[in-house]
Amino acid sequence: MKYSPLKGAFLLSLCSAIALNAAVLTSSQLRFGLSKNSFPSTLADFASQRSEDDELWYWLNLARLQQANGDFNLSIQSFEKGYAILDEYENRATVSLRNLSSFVGSALLTKGSESYYGKGYERTLMHTLNALNYIMSGDFEGAAVEMRRMEQRQEFWLKESEEKIKKAAEEKEKAKRQGNEIPSIPQGYSMAALLEDSDVREMANNYQDPFSYTLSSIILDISGQSAASGNSAEISLKRALALNPNVTKAFVKSPQGSPASVTKQSTKMNVTVIVLAGEAPSLKIEKIRFPIYYASEYTSIDLPSYTPPVNDINGVTIMSNKMRLHPPRLLNTDIMAYRTLKDELPGELAKAVVRATTKAITAKQASDHFGNLGGFVASLVMDAGSSLVDAGYRNWEVLPNSGYIMQFETKKGGILSLSMNGHEESLTLPADKKGAVVLVSYLTPDNIRIDHVAY
Amino acid sequence: MKMMTKTSLFLAVGATALLMNGCAKPGGAGMVGYDSTVKYGDAKATETVTADFGSTDLQSTAEAMTQSLLESRYIIKAQQPPKVRLRTVNNLTYEHIDTKAITDKIRIKLLKSGQVRFLADKANLGEVSDERDLTTTATTKADLKSMTDSDYIITGNVRSIKKANDTVKDVYYNISLELVDPQSGEILWADEKEIRKVTSKSSVGW
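Residues numbered from 1 in each chain as written. Chains lettered and ligands numbered in written order. Predicted model: local features only at pLDDT ≥ 70, side-chain atom pairs only at ≥ 80, totals over all residues. Heavy atoms only, no water.

## A word on the overall build of chain B
For chain B, the helix and strand inventory stands at six helices and six strands. In sequence order, chain B lays out its α and β elements as α-α-α-β-α-β-α-α-β-β-β-β. Taking contacts inside chain B between residues at least 6 apart in sequence as the whole, the part at least 24 apart equals 66%. Roughly 12,800 Å² of accessible area belongs to chain B as shown, and the carbon and sulfur atoms make up 55% of that amount. (Helix = DSSP H or I, 4+ residues; strand = E, 2+ residues; numbered from the N terminus. Contact = heavy atoms within 4.5 Å. Areas by Shrake-Rupley, 256 points an atom, 1.4 Å probe, with all protein chains shown as cover.)

## Re unusual backbone geometry
The bulk of non-glycine residues show a negative phi, and the bulk of peptide bonds are trans. All names here are of chain A. Of note in this structure, N321 is not a glycine but carries a positive phi near 50°. Mapped onto the elements, N321 comes out in the loop between β6 (316–320) and β7 (323–325). The class for N321 is partly exposed, based on a relative accessible area of 22%. Positive phi values are uncommon outside glycine, yet N421 reaches one of about 50°. Tracing the chain through its elements places N421 in the loop between β10 (415–420) and β11 (423–428). (Buried < 20%, exposed > 50% of the residue type's maximum accessible area, 1.4 Å probe, protein only.)

## With respect to the environment of V398(A)
Along the chain, V398(A) turns up in the loop between α14 (333–390) and β9 (402–411). Linking V398(A) and G278(A), residues 120 residues apart in sequence, is a C-alpha distance of 7.9 Å.

## A few points about the pattern of salt bridges
Residue and element names in this part refer to chain A. Within this structure, the stated rule accounts for 33 salt bridges over all chains. Among the ionic pairs, D334 bridges to R329, the shortest N-O distance being 3.7 Å. Classification of R329 by relative accessible area gives partly exposed; the value is 26%. Of the charged contacts in the structure, one is a salt bridge between R449 and D451, with a shortest N-O distance of 2.8 Å. For R449, a relative accessible area of 29% gives the class partly exposed. For D451, a relative accessible area of 14% corresponds to the buried category. (Salt bridge = Lys/Arg side-chain N within 4 Å of Asp/Glu carboxyl O.)

## What about the sheet that holds β11(A)?
Residues and elements named next belong to chain A. One open sheet accounts for four strands, arranged β7-β6-β10-β11; its pairing is antiparallel. The open sheet has two edge strands with one neighbour each: β7 and β11. For this sheet, the mean angle separating the axes of adjacent strands, direction not counted, is 20°. Pairing of β6 with β10, which is carried by five bridges, proceeds in the antiparallel orientation. Opposite V316, over in β10, you have M420 as the bridge partner. (Pairing = 2+ DSSP bridges. Axes fitted to C-alpha atoms, helices over the stretch in contact; angles between N-to-C directions.)

## Examining the sheet that holds strand β5 (residues 187–200) of chain B
If you trace the five strands from one edge of the open sheet to the other, you get β2-β1-β3-β4-β5 (chain B), paired in mixed fashion. Looking at the sheet topology across the chains shown, the edges are occupied by β2 (117–118) and β5 of chain B. Along the sheet, helix α8 (residues 140–177) of chain A contacts β1 (83–92) and β3 (152–164) of chain B; its crossing angle with β1(B), the most-contacted strand, is approximately 30°.

## Section: the packing of aromatic side chains
All names here are of chain A. For the structure on display, the rule yields twelve aromatic pairs over all chains. With a centroid separation of 6.0 Å and an interplanar angle of 75°, the aromatic rings of F79 and W396 are classed as edge-to-face. Placement of the pair is F79 in helix α5 (residues 72–90) and W396 in the loop between α14 and β9, with a sequence separation of 317 residues. With respect to burial, F79 and W396 carry one shared label: buried. (Phe/Tyr/Trp six-rings, centres within 6.5 Å; stacked < 30°, edge-to-face > 60°.)

## Quick notes on helix α4 (residues 56–68) of chain A
Residues lying three or four places apart along an α-helix face the same way, a consequence of the helix completing one turn every 3.6 residues. Residues and elements named next belong to chain A. Compared with an ideal rise of 1.5 Å per residue, which puts 13 residues at 18 Å, α4 spans 19 Å between its outermost C-alpha atoms and is within 8% of the ideal. Among the 13 residues of α4, 13 are classified as buried, and the element is accordingly described as predominantly covered. Immediately downstream of α4, the backbone of G70 shows phi near 85°, a positive value. (Expected span 1.5 Å × (residues − 1).)

## Points about the environment of L349(A)
Residue and element names in this part refer to chain A. Here L349 lies in helix α14. Given a relative accessible area of 3%, L349 falls into the buried group. For L349 and K172, which are 177 residues apart along the polypeptide, the C-alpha to C-alpha distance reads 9.2 Å.

Shown next as structure tokens:
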């Protein structure tokens, strides 16, 4: 029996991939295991499955699950584990053998052989969500540190992103010179229409969001650090406004004559409501398969793609002291994810073409040696092998898809009601504090958690 | 043919290694279980494990600030040791620094000098008051006044600036303290301690 190098390679990778994938909850098991009844077991299973604990996505997903469960200190620890992975990545040697082998692997074999180190919006939002953990623990100074880290983190992403865009342009130019024009978006790609959406095209960039900057402004104001840090609350607010003018709607001053305004100052308090809802798009590798040569073999263009967000809401209504308020949606994670993909697509496409060509040549050689059936089997084995490896390429799948913020004055000790997609939740505000921050985690329609902290 | 088999095997292993690249442990801090031995070290030895604010920075800051404060005329020329309260030192850095560790160290050094008396800080005031309520029948307003009235307050900020390029990461810390007259709001003394830490990336590595 003849030994086939391809079969050997893919059988080995197949077994490894099966062993790896069997250990941890899949993306869909995670995203569809968030309802009230299944959430405790999903969290317990995910937390105990440590086979992927060297992956950034594992810690980010775990941190969000813990936060939505009210385990704020555990969530802080999980975010810190994620930071450690990212810090190590950002501080690698200028010529890193790991980065090099990852690049070669993803350029020649499968996209899934890359380790996922998060996109700009995820790296920003991990600090924003961790700031919420500190807020809920009553540590506003710690929350302010996270917001400063958020801005610091963006610098590395910007550099990394610019390098990728530059490299993609070079690849495209090179391909053009060789007579291989790479299309901007291939036919049959499921994301084609979404990437051309006006919201995606008009977004200022793929890593800065008005939600994080508005929250930063509020945190710096509450922590009393704004004046000591060069009026940083106002600077953050200006940045938020530059990204989305609707930020002005997040701050409500009671109009003269309204029930809230006639209340004496000493009986009023500042309330900030933050709603995080749904789960952001989850990453997958999409294969656009097409026949080659005599149609007995085939190859595929493998591109990153997203499954749509789940469990999101249409809006939030806040009812307090006879007021009805509608906080603006300031976080659109799906749009940021699509924008990132749009920006990175030329580079991804260039690599995908090289991978497809490598596979096509291998299939052709198999066909030459073993006939049409051999070529087809080679195509099939390569397809199956890369599909299994690609299944391990995951992102922050339980990152909230939308975020709402509103700050307003209301009566101390009053009732605050929130309505989201027909579900109404209420809480009693503290009677002896000057302010409160309310965090709502809407995971599914039947799994909504409200936490608050007074200051 | 034998050569062909060897090449095939090499290719197979190579391809799998590349595919498995994602499985490589990045070696991030905090998650790698390793065998370790425990031994005592010199608490005052210079610590350079990371560029983050560390024990050496804490010690050198407390040392420099205490020395400077004790040399100020408001302390050195006082007829009797003034009553001082340490207020919050704001952490305006990119790290979760326990600024209370800085103020605690400064307080200990100042108290040991015998030139300053300290009032319980805001966080401990409630506990001190509770203790008094337990040991006396009632806490009068005059008693409370002696617990809360300070001659001076000490406050400050810890700031940092981070810069990085492809090969070098530079972190600059500035720790500033002020001695303030709480009645007039006048700043009577101020000093700062600056720390710069530079880390270099290796050119080639894993």
